[in-house]
Amino acid sequence: MESILAKLGLEASNKGATTGGSSGWLTTGGEMLSTVSPIDGELIARIQQATDDDYEAVVATAREAFEKWRCMPAPQRGEVVRQIGLRLREHKQALGALITLEAGKITAEGEGEVQEMIDIADFAVGLSRQLYGLTMHSERPQHRMYEQWHPLGAVGVITAFNFPAAVWSWNALIAAVCGDVVIWKPSSKTALTAIAIHNIIAPVLDQHGLRGVFNLVIGSGTQVGEAMINDPRLPLISATGSTRMGRHVGTTVAKRLGRSLLELGGNNAIIVCEDADLDLALRATVFGAVGTAGQRCTSTRRIIVHAAIRERFVQALTRAYAQVRVGDPRRNETLMGPLIDASAVDQMMTALDQARSQGAEVLFGGERMTPVPGGFYAAPTLVAAENHFPVVQTETFAPILYILEYENFEDALRMHNDVPQGLSSAIFTKSLPYSEAFLAATGSDCGIANVNIGTSGAEIGGAFGGEKETGGGRESGSDAWRAYMRRQTNTINWGASLPLAQGITFDL
Ligand code: UN1
């Protein structure tokens, strides 16, 4: 552990606010935060949290930095992000190991998360030469119309524990090439990862003399989070987390007519049709439901399986679940590490009690585990349930998979969409009509819909996010960059007369 911390510039006690670079750390006088590892409940390191004054200092520096950063040509901003990507490559293993230590992800997933950051850095570099606007044909003679995209300002980024590094990069690296500066409030559960990232990128910021472009403020939601969402100096708040949190962020930011980009809870299902390749469906389901201990927004929470193959599929799932090795995520053979903390395990147990009292049956798992003393472990769990059970309608951030059964395809689709959330979805079938029906306007109502691929593990190239209570925001690839810029429509008259639009005459 010591060597990982040393490689990432972390100490026993760390400062919790920076405006970027090696000398950007603020002398915070806030309360100490202890970070423990979910692997064994042991202390990793401490962080001195930001005070209100620190927050003010960061916002002031960020706003000053924006004045310059927005004037730097976008491809030059892309060059800074390219160098950040190189630093991330060099530190992929160490940062991945810290994510494992702090969030409990298995090594492959910890490193996979850093790879996601590297990929988005590459994407952002290309994007820095492609912030395209459209041109239009004016209805008036000798007029030209087009739109352009300008930097927006200081963007507030609030992230969750489950992707403590990648979600920052989706927002921050895209926002940076767009000419924005970023103020990041990470989850207090995984704030060391945020400090490590700022240490990794510090030499790049030093080299370019950039202070205030990438900022970090660590503190509680009630202090730092509230300050950010109520702050009119932050035109955009991008928040990832629960629907409950997002509802508060969305309404608070809306009250000041700011913008918010929300990526909230999911209740992701896979429909397994009678003609599905069951081996593929099985592997996708296990990765989706058990991977990251069921703590991805995109985790598979519901299986909607055709009655004719239900028995066979559930038996195969049960056999697979029995082989999932739960334990220390640093060990090569482990497939499922701990949940994030003791309360996450309690919430899982509460959900299972509710499920039983609502008429569900636990088919596999359901219990707490102690493969490592002091850690927060539970068994991957299969539950036979019905879609309308209140517990099935709710996102529980844990490895619980509800098994639902259908007989005709319309019922499967109806069940699929009949939840308040709308993030990710999948169908396993060899039938063109089924897969096309799933992707049609009348099919899946989610932001992500896959065929013969599970619900989790999305690539960075697409826009990521979902509908309904998932919040409607889109981050990462495609044209998600537009959310981080302001659009301006320009009409230029290069003639000698002043024709009015809509043919209006208004002569003196
Ligand atoms: C999240 O859980 O908030 O698709 C993000 C995936 C990852 C990102 C998940 N690429 O599972």
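Rules behind the numbers
Residues numbered from 1 in each chain as written. Predicted model: local features only at pLDDT ≥ 70, side-chain atom pairs only at ≥ 80, totals over all residues. Heavy atoms only, no water. Helix = DSSP H or I, 4+ residues; strand = E, 2+ residues; numbered from the N terminus. Buried < 20%, exposed > 50% of the residue type's maximum accessible area, 1.4 Å probe, protein only. Areas by Shrake-Rupley, 256 points an atom, 1.4 Å probe, with all protein chains shown as cover. Pairing = 2+ DSSP bridges. Near = heavy atom within 4 Å. Polar contact = N/O pair within 3.5 Å; in protein donor to acceptor, adjacent residues only side chain to side chain. Domains from an automatic or database assignment. Contact = heavy atoms within 4.5 Å. Buried area = accessible area lost by both parts, 1.4 Å probe. Core = buried A, V, L, I, M, F, W, Y, C linked by side-chain atoms within 4.5 Å. Axes fitted to C-alpha atoms, helices over the stretch in contact; angles between N-to-C directions. Parallel < 35°, antiparallel > 145°, perpendicular 65-115°, else oblique. Left-handed = near helix turned anticlockwise from the far one by under 90°.

### Quick notes on the overall build of the protein chain
Helices and strands together make up the secondary structure of the protein chain, namely 14 helices and 25 strands. Here the C-alpha coordinates of the protein chain stretch approximately 80 × 60 × 40 Å along the principal axes. A buried classification covers 57% of the 508 residues belonging to the protein chain. Taken as a whole, the protein chain presents about 20,700 Å² of accessible surface, with 51% of it coming from carbon and sulfur.

### Concerning the sheet that holds strand S5 (residues 135–136)
Strand order in the open sheet formed by three strands is S5-S6-S25, with antiparallel pairing between adjacent strands. Two strands bound the open sheet, and with one partner strand each, they are S5 and strand S25 (485–493). Pairing between strand S6 (residues 143–151) and S25: nine bridges, direction antiparallel. Considered in S25, the bridge of Gln148 is made with Gln488.

### Here we look at unusual backbone geometry
Although it is not a glycine, Gln142 adopts a positive phi angle of roughly 55°. Tracing the backbone through its elements, the reader meets Gln142 in the loop between S5 and S6. The exposure class assigned to Gln142 is partly exposed, which follows from its relative accessible area of 41%. Positioned with a positive phi, Lys468 is a non-glycine residue whose angle comes to about 50°. Mapping Lys468 onto the fold places it in strand S23 (residues 467–468).

### So, the site of the ligand
The local shell around the ligand consists of Glu116, Asn162, Phe163, Trp170, Glu263, Arg296, Cys297, Thr298, Ser456, Gly457, Ala458 and Phe464. Here an oxygen atom of the ligand and a side-chain polar atom of Asn162 are 3.2 Å apart. Separating an oxygen atom of the ligand from a backbone N or O atom of Gly457 is a distance of 2.8 Å. Across the complex, the protein chains shield 99% of the 320 Å² of accessible surface that the ligand would expose by itself. The residue makeup of the shell around the ligand includes at least three contributed by each of domain 1 (2–264 + 471–488) and domain 2 (268–460).

### Some thoughts on the side chain of Thr193
The topology assignment puts Thr193 in helix H7 (residues 191–207). A relative accessible area of 0% means that Thr193 is categorised as buried. Not counting chain neighbours up to four residues away, the residues in contact with Thr193 comprise Leu95, Leu98, Ile99, Glu102, Pro164 and Ala165.

### Some points on the side chain of Thr455
Structurally, the position occupied by Thr455 is in the loop between strand S21 (448–451) and strand S22 (463–464). Of the polar contacts made by the side chain of Thr455, one reaches the backbone oxygen of Thr298; its length is 2.7 Å. Polar contacts involving the side chain of Thr455 include one to the side chain of Thr300, which spans 2.8 Å. Discounting residues that sit within four places of it in the chain, Thr455 has contacts with Asn268, Ala269, Ile270, Thr298, Ser299, Thr300, Ser424, Ser425, Ala426 and Asn450.

### Comments concerning the domain arrangement of the protein chain
Domain boundaries assigned for the protein chain yield domain 1 (2–264 + 471–488) and domain 2 (268–460). Distance between the C-alpha centres of domain 1 and domain 2: 30 Å. At the interface, 29 residues of domain 1 touch 27 residues of domain 2. Both sides of the domain 1 and domain 2 interface together cover about 2,100 Å² of buried area, and 61% of this is carbon and sulfur.

### Notes on the nonpolar core
Ranked by size, the top nonpolar core spans 161 residues in total, and within it Trp168, Phe214 and Val272 carry the most contacts. When residues are assigned to domains, this core turns out to be shared by domain 1 (2–264 + 471–488) and domain 2 (268–460), each giving three or more. Val272 has contacts with Leu278, Ala281, Ile303, Ile304, Val305, His306, Ile309, Phe313, Tyr406 and Phe428, leaving out every residue within four places of it along the chain.

### Concerning the packing of helix H4 (residues 92–103) against helix H5 (residues 107–127)
Here H4 crosses H5 at 125°, and the two axes come no closer than 8 Å. By the angle class used here, H4 and H5 are oblique. Note that H4 runs across H5; the crossing there is right-handed. On H5, the residues touching Lys92, Gln93, Leu95, Gly96, Ile99 and Thr100 of H4 are Thr107, Gly110, Glu111, Glu113, Val114, Gln115, Met117 and Ile118.

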